[in-house]
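Architecture and fold: a report
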Amino acid sequence: MGELSVIKNPAALTPDFIPPRLVDREEQMSTLKMIFDDYIKSPGSFYARALLVGSTGTGKTITSLKFKEYASRSSTVRFIYVPCWTHRTMHSAVRHIGESLKMSIPRRGFSSDELLEIIYDYLKDNDMYVIIVLDDVFHIVNNSGADSLGLLIRFYDEHIGEHDYHFSLILIDRDESLLDKLDAGAKSTLGRNIIKFPPYTKDQIYEILRDRAQEALHQGTYNDEILEMISDVTGARDGDGGRGNAKQAIEILWKAALTAQQQGSRRILPEHVRVAIKNTLPVHVGELKGMDLHEKLFLLAIVEALRKKRDVPYVTFGEAEEEYIMLCERYGLRTKRSHGQLWHYLKDMEGTWRIIETRLSGKGMRGRTTLISIPYESLNVLAQELTRILDYELAVR
Ligand SMILES: Nc1ncnc2c1ncn2[C@@H]1O[C@H](COP(=O)(O)OP(=O)(O)OP(=O)(O)O)[C@@H](O)[C@H]1O
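Description of the structure in this document. Here the structure is a predicted model, which is why all the values come from computation and not from measurement. (Residues numbered from 1 in each chain as written. Predicted model: local features only at pLDDT ≥ 70, side-chain atom pairs only at ≥ 80, totals over all residues. Heavy atoms only, no water.)

1. Here's the deal with the site of the ligand
Condition: Being near a molecule or strand, for a residue, comes down to having at least one heavy atom within 4 Å of it. Whenever two N or O atoms come within 3.5 Å, that pair is a polar contact, provided that in protein one can donate a hydrogen and the other can accept it, and provided that, for residues adjacent in sequence, both atoms are side-chain atoms. Accessibility throughout is a Shrake-Rupley quantity obtained with a 1.4 Å probe, and a residue counts as covered only by protein chains that appear here. A pocket, in this scheme, is an open set of points on a 1 Å grid over the protein atoms alone with protein on both sides within 12 Å along at least 5 of 7 lines, while a cavity is a set where a 1.4 Å probe fits but cannot get out; residues line either one if an atom lies within 4 Å of a point. Occupancy of a cavity or pocket is assigned to a molecule whenever over half of its atoms lie within 2 Å of that pocket's grid points. Only runs of H or I of at least four residues qualify as helices and only runs of E of at least two qualify as strands under DSSP, and these elements are numbered from the N terminus.
Lining the immediate environment of the ligand, one finds 21 residues, of which Thr56, Lys60, Thr61, Tyr200 and Lys247 sit closest. For the ligand, an oxygen atom lies 3.0 Å from a polar atom in the side chain of Arg174. Here a nitrogen atom of the ligand and a side-chain polar atom of Tyr200 are 2.7 Å apart. With the chains in place, 95% of the 630 Å² that the ligand exposes on its own is no longer accessible. In this structure the site holding the ligand corresponds to the largest pocket. Taken together, the elements giving at least two residues each to the shell around the ligand come down to helix H2 (60–74), helix H9 (202–216) and helix H11 (246–262).

2. Structural notes on the pattern of salt bridges
What counts here: Put simply, a salt bridge is a Lys or Arg side-chain nitrogen that is within 4 Å of an Asp or Glu carboxyl oxygen. Only protein chains enter the calculation, and the probe is 1.4 Å; a residue is then buried if its accessible area is under 20% of its type maximum, exposed if over 50%, and partly exposed in between.
All chains considered together, the criterion is met by 25 salt bridges. Ionic pairing is found between Lys66 and Glu69, a salt bridge with its closest N-O pair at 3.6 Å. Of this pair, Lys66 and Glu69 both sit in helix H2, 3 residues apart, which is roughly one turn of that helix. When its relative accessible area of 11% is taken as the criterion, Lys66 is described as buried. A relative accessible area of 35% places Glu69 in the partly exposed class. The residue Glu357 makes a salt bridge to Arg243 at a minimum N-O spacing of 3.9 Å. Within this pair, whereas Glu357 is found in strand S7 (residues 357–360), its partner Arg243 is found in the loop between helix H10 (224–234) and H11, the two being separated by 114 residues in sequence. The exposure classification of Glu357 matches that of Arg243, with both residues buried. Connected via shared salt-bridge partners are Lys202, Glu228, Asp232, Arg243, Glu357 and Arg359.

3. A few points about the layout of surface pockets
Where empty space is left becomes clear once a probe the size of a water molecule has been rolled over the atoms. For the record, the criterion: Grid points are joined across faces, edges and corners, and a volume is the space filled by probe spheres set on the points. Polar here means any residue other than Ala, Val, Leu, Ile, Met, Phe, Trp, Tyr, Cys and Pro, which are nonpolar, and Asp, Glu, Lys and Arg, which are charged; Gly is therefore polar. For the domain bounds, the source is a domain assignment made automatically or taken from a database.
In this structure, the largest pocket encloses a volume near 930 Å³. Pro15, Phe17, Thr61, Ile62 and Lys247 are, among the 35 residues lining the largest pocket, the residues nearest its centre. When contributions to the lining of the largest pocket are tallied by element, the ones reaching two or more residues are H2, H9 and H11. Taken together, the residues of the lining of the largest pocket break down into 17 nonpolar, 7 polar and 11 charged. Looking at which domains feed residues into the lining of the largest pocket, each of domain 1 (26–196) and domain 2 (200–280) gives three or more.

4. Observations regarding the pairing of strand S3 (residues 130–135)
Under the convention used in this document: A pair of strands is treated as paired once DSSP finds two or more bridges between them.
Counting buried residues in S3 gives 6 out of 6 residues, a clear majority hidden from the surface. Side chains Val130, Ile132 and Leu134 project from S3 onto one buried face, and the interleaved Ile131, Val133 and Asp135 project onto a second face that is buried too. Note: strand S2 (residues 78–83) against S3, 6 bridges, orientation parallel. Residue pairing across strands places Val82 opposite Leu134, the latter belonging to S3. Bridging between S3 and strand S4 (residues 167–173) involves 5 bridges; their strand directions are parallel. Within the sheet, the bridge partner assigned to Ile132 lies in S4 and is Leu169.

So, in structure tokens, the structure goes:
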């Protein structure tokens, strides 16, 4: 029997894939269009420059690629994309620009400034107009210094009077600290054209995943709750840096789908997602031993309630509480914690121990109730560990 296939189009889960639609980046896209429209419609008319900033996985690269699609439709302006993690010095970046134009660039003997002049003359002689994208430009600043970038940003200061702007510039960086490293002139020009990419919220990540899953996975191999489980752990949360990264979310979806497929499952199950999350996120789950006895019991109750569901990654607070009461009885504990205390434990498990995630139920359920999931660890591993600790602690009491 052949392997059951979950993944329909693996290419759609790779970083190179360009999705048909961008989720919630209309504002950034329209600012880009505003800054560059004159350059695109009347090439050479002025020097357009923009700085795209945002933490990793917030869609800066993909937005610049979508902008390229848009601009290429309506004009003769060409794009030259420079991945600065490959071309880490100004010299290497400028060579790459020349090579993209099919120029024969001498290997030695020219500084990057001289090469840039040669490229500029070539563009002028051939009546060509380009938009240069320097992605992750901090590599160049780190290796060649901010001055070399400053010279590029103010390139036409030396060519005043020509009014023949043959290239424009899009810079991409993780934060705005770049500006402080530039000279005053470059800083003020670029500072006026900053486009910010905030981290994605849970809902935005969910939408990105839904679109991606439709492209990449067979119908019926996943459901909304699987995608929600991934958005819960990757979507931005107030005051929690490092989240809101779409790249990580897509990677988790890919790993979960692959695990499901390798295990011969027809569908992605919550346990596949847990393994994928554990392999992707640098999450440190707190030492369970440090928890209160009844907090551990309540956590085991959540684990057991989730294990009964298998296909569904969430249990309600009520279901967890019922399971907790049964567990207390099984362990012969007469004094149980109150509803309010259990609620307090829940907040602690989410905020301090970082082992659960909660969300409010959406439509389809009567009223709004708190849904609990455990995305960071396999349920079997947790159940074993908790039972071992509890058996010991209760035996020695
Ligand atoms: N708004 C979006 N809609 C659909 N897919 C998106 C969106 N934003 C990001 N993605 C996807 O998430 C992944 C990461 O996006 P991208 O590479 O553009 O991030 P980035 O901000 O450039 O990250 P880095 O700083 O690490 O280079 C890509 O696979 C991209 O297709």
